[in-house]
Amino acid sequence: MLEASFIINLIIVIVEIIVLSHIKGKINIFKYYTYLQNFLLMITSLIYCVVILIHFITNNQILEFAKGLRYIATCGAVSTTFIFVVFLQCGKRAPITKDDFIGDFNHIFANIVLHYICPLLSLISFVVFEREIILNSGLWTMIVAIPSCLYWLIYIILTSTKVWKEPYDFTYKKKIWEVLTMIFIPLSFILISFIIWNIK
């Protein structure tokens, strides 16, 4: 089981590096929710692989911390898919385009990887192959929301103060869409993190 989780997380790391390294303007990794959550997924999967590799070599007990990070990243990645499909497809800037990447990197491949393949692989690994690593502390259910809450809080502040051009253009049609979006995105994240916690 752990061997399979190691392989899956290693695949995630490799694929994420390939895609994210081709982004035009690396600062955009921290500007767009999809990029940011996939960057977090890449980092946590790398940490997980290192911890599992040490476990294979030394047979030491696996740190709960590693799976806790995987929980945070998996919830974020799955939320990325859900939010992209339900919310962002309704905005002006939904898909990743070829203009987002250096050279002739395939943006269709990037869309599939970042919005579907990596989130799905992360979910399968976490729910199916990482079960023998026990995650007991309920503290993780609070920590899990920190990255997304920080992102959307900063998003609202920078958009409201017009410090940046709103990345996702939620508000280009109706004010009510902005209100509904800012309500349902956090609620969807809470629901997703609750479901994943209870099926882990």
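Residues numbered from 1 in each chain as written. Predicted model: local features only at pLDDT ≥ 70, side-chain atom pairs only at ≥ 80, totals over all residues. Heavy atoms only, no water.

1. A few points about the environment of A4
One can find A4 in helix α1 (residues 2–20). Sequence spacing of A4 and F129 is 125 residues, and the spatial spacing of their C-alpha atoms is 6.4 Å. (Helix = DSSP H or I, 4+ residues; strand = E, 2+ residues; numbered from the N terminus.)

2. Digging into the packing of α1 against helix α2 (residues 33–58)
Between α1 and α2, whose axes approach to 8 Å, the crossing angle comes to 140°. When the axis of α1 is compared with that of α2, the two are oblique. The interaxial crossing formed by α1 with α2 has left-handed handedness. By residue class, the composition of the contact of α1 with α2 is 17 nonpolar, five polar and two charged. (Axes fitted to C-alpha atoms, helices over the stretch in contact; angles between N-to-C directions. Parallel < 35°, antiparallel > 145°, perpendicular 65-115°, else oblique. Left-handed = near helix turned anticlockwise from the far one by under 90°. Nonpolar A, V, L, I, M, F, W, Y, C, P; charged D, E, K, R; others polar.)

3. Thoughts on the layout of surface pockets
In this structure, the largest pocket spans a volume of roughly 170 Å³. The wall of the largest pocket is formed by eleven residues, among which S148, C149, W152, I185 and P186 lie closest to the centre. Those elements that place two or more of their residues in the lining of the largest pocket are α6 (146–160) and α7 (175–199). Each residue belonging to the lining of the largest pocket can be placed in one class, and the counts come to ten nonpolar, one polar and no charged. (1 Å grid on protein atoms, 1.4 Å probe; cavity = no way out; pocket = protein on both sides within 12 Å on 5 of 7 lines; lining within 4 Å. Points joined across faces, edges and corners; volume = space filled by probe spheres on them.)

4. Looking at the packing of aromatic side chains
All chains considered together, the criterion is met by nine aromatic pairs. Note on Y71 and W197: the rings are 5.3 Å apart at their centroids and 65° apart in plane angle, and the pair reads as edge-to-face. With Y71 in helix α3 (residues 64–86) and W197 in helix α7, this pair connects stretches of sequence that are 126 residues apart. Assigned by exposure class, Y71 and W197 land together as buried. Relative to F105, the ring of F101 has its centre 5.3 Å away and its plane inclined at 35°; by these criteria the two rings are tilted. For the pair F101 and F105, one class covers both residues: buried. Stacked on the ring of F126, the Lys or Arg K67 has its end atom at 5.0 Å from the ring centre. The ring centre of Y48 lies 5.8 Å from the NZ or CZ of R70, which sits over that ring. (Phe/Tyr/Trp six-rings, centres within 6.5 Å; stacked < 30°, edge-to-face > 60°. Buried < 20%, exposed > 50% of the residue type's maximum accessible area, 1.4 Å probe, protein only. Lys NZ or Arg CZ within 6 Å of the ring centre and 35° of its normal.)

5. Points about the pattern of salt bridges
Going through the model one piece at a time under the given rule, you end up with one salt bridge. For the salt bridge of E130 with R70, the shortest nitrogen-to-oxygen distance reads 3.0 Å. Taken together, the residues E130 in the loop between α4 (107–129) and α5 (140–143) and R70 in helix α3 connect sequence positions 60 residues apart. Per residue, the accessibility class of E130 equals that of R70, and both read buried. (Salt bridge = Lys/Arg side-chain N within 4 Å of Asp/Glu carboxyl O.)

6. Side note on the packing of α2 against α6
Geometry of a packed helix pair, given as the angle between the helix axes and the separation of the axes. Relative to each other, α2 and α6 sit at 155°, their axes nearing to 12 Å. When the axes of α2 and α6 are compared, the pair comes out roughly antiparallel. As for how α2 packs across α6, the hand of that crossing is right-handed. For the pair formed by α2 and α6, the contact residues are Y33, L36, Q37 and L40 on the first element and P147, S148, Y151 and W152 on the second. (Contact = heavy atoms within 4.5 Å.)

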